[in-house]
Amino acid sequence: MEKILSHLWEKTKQDPWTYLTWYAVGKPATLWEWSLLEGQGDIFLYPVLGTPYYDNRLFQFTRSLSLFIYYPVVLSTLIYLGLRLLRPAWLDRIGLKDRFRLDLMLGVLVYFTVFHSLLSPYQRYSIPFRILLFPIGLGLLLKAVARLSPVCGAR
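Residues numbered from 1 in each chain as written. Predicted model: local features only at pLDDT ≥ 70, side-chain atom pairs only at ≥ 80, totals over all residues. Heavy atoms only, no water.

### Some thoughts on the overall build of the protein
Counting its regular elements, the protein contains seven helices and zero strands. Relative to a compact globule of 155 residues, whose C-alpha radius of gyration would be 15 Å, the protein shows 19 Å and is clearly more extended. For the protein, the share of sequence-separated contacts (at least 6 apart) that also reach a separation of at least 24 residues comes to 60%. Here the protein has roughly 10,900 Å² of accessible surface; of this, 70% comes from carbon and sulfur atoms. Of the charged side chains in the protein, 17 are positive and 10 negative, and the gap between their average positions amounts to 9 Å. (Helix = DSSP H or I, 4+ residues; strand = E, 2+ residues; numbered from the N terminus. Rg over C-alpha atoms; globule rule 2.2 N^0.38 Å. Contact = heavy atoms within 4.5 Å. Areas by Shrake-Rupley, 256 points an atom, 1.4 Å probe, with all protein chains shown as cover. Lys, Arg positive; Asp, Glu negative; His and termini not counted. Charge placed at Lys NZ, Arg CZ, Asp CG, Glu CD.)

Printed below as a string of structure tokens:
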């Protein structure tokens with residue numbers, strides 16, 4: 001193990017930018033990618049003989065809708081993280097006053113992401129945590145739209 005770590009340290013010293021971007025951006029992005037790169041692809045880790053996502057229009061719609069909103073939700077979650085760390089008062093301005101639940105979910109996501117980015121970002125481990133992205137990301141998006149939209153009575 002010591003040889004591996006010293007080898008990685010030497011490579012990092014030779015090209016720190018590559019390793020910094022890989023650990024800070026590349027690994028987390030891989031972890032939260034929609035399509036499971038290590039599996040069959042798309043939403044499937046293992047090959048399936050049959051699934052309602054192939055045959056049922058309602059399931060096809062929910063999969064398409066989830067894919068359509070997935071990256072905006074991820075981006076909104078990242079914005080929430082940035083605001084929470086750098087400008088928490090801004091969250092009060094858009095009406096997110098009771099943030100305990102969102103902060104708890106965000107803490108779980110950050111811990112999980114950091115832990116797996118330091119090790120191996122196997123996407124299959126992110127599947128149970130992806131549900132936490134939606135209340136955070138959609139919560140911020142909907143509050144911001146409602147606050148900023150003249151139709152919804154922005155103040």
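### Details of the packing of aromatic side chains
Centre distance and the angle of the planes are the two values used to describe a pair of aromatic rings. This structure, assessed with the given rule, holds ten aromatic pairs. With a centroid separation of 6.5 Å and 50 degrees between ring planes, the pair formed by Tyr70 and Phe134 is classed as tilted. With Tyr70 in helix α4 (residues 57-86) and Phe134 in helix α7 (residues 133-148), this pair connects stretches of sequence that are 64 residues apart. Aromatic pair Tyr122 and Tyr125: ring centres 5.9 Å apart, planes at 75 degrees, arrangement edge-to-face. With relative accessibility at 37%, the residue Tyr122 sits in the partly exposed group. Site record: aromatic cluster; members linked through ring pairs are Trp34, Tyr70, Tyr71 and Phe134. (Phe/Tyr/Trp six-rings, centres within 6.5 Å; stacked < 30°, edge-to-face > 60°. Buried < 20%, exposed > 50% of the residue type's maximum accessible area, 1.4 Å probe, protein only.)

### Re the packing of α4 against helix α6 (residues 100-118)
For the pair α4 and α6, the least separation of the axes is 11 Å and the interaxial angle reads 105 degrees. Comparing their axes, α6 and α4 come out roughly perpendicular. Facing Thr77, Tyr80, Leu81 and Arg84 of α4, the residues of α6 in contact are Leu102, Asp103, Leu106, Leu109 and Val110. Grouping the amino acids of the contact of α4 with α6 by side-chain chemistry returns six nonpolar, one polar and two charged. (Axes fitted to C-alpha atoms, helices over the stretch in contact; angles between N-to-C directions. Parallel < 35°, antiparallel > 145°, perpendicular 65-115°, else oblique. Nonpolar A, V, L, I, M, F, W, Y, C, P; charged D, E, K, R; others polar.)

### Notes on the pattern of salt bridges
Within this structure, the stated rule accounts for three salt bridges. As a salt-bridge pair, Asp103 and Arg84 come within 2.9 Å of each other at their nearest N and O atoms. With Asp103 in helix α6 and Arg84 in helix α4, this residue pair connects regions lying 19 residues apart in the sequence. Overall, the relative accessible area of 22% leaves Asp103 in the partly exposed class. We classify Arg84 as partly exposed; its relative accessible area is 28%. Asp92 serves as the salt-bridge partner of Arg99, at 2.8 Å between the closest nitrogen and oxygen. A residue is classified by how much of its surface remains accessible, and Arg99, at 12% relative accessible area, is buried. Given a relative accessible area of 33%, Asp92 falls into the partly exposed group. (Salt bridge = Lys/Arg side-chain N within 4 Å of Asp/Glu carboxyl O.)

### Points about the nonpolar core
Counting 21 residues, the largest nonpolar core has Trp32, Tyr70, Tyr80, Leu96, Leu133 and Ile136 as the members making the most contacts within it. Those elements giving two or more residues to this core turn out to be α4, α6 and α7. Setting aside chain neighbours within four positions, we find Ile136 in contact with Thr77, Tyr80, Leu102, Met105, Leu106 and Leu109. (Core = buried A, V, L, I, M, F, W, Y, C linked by side-chain atoms within 4.5 Å.)

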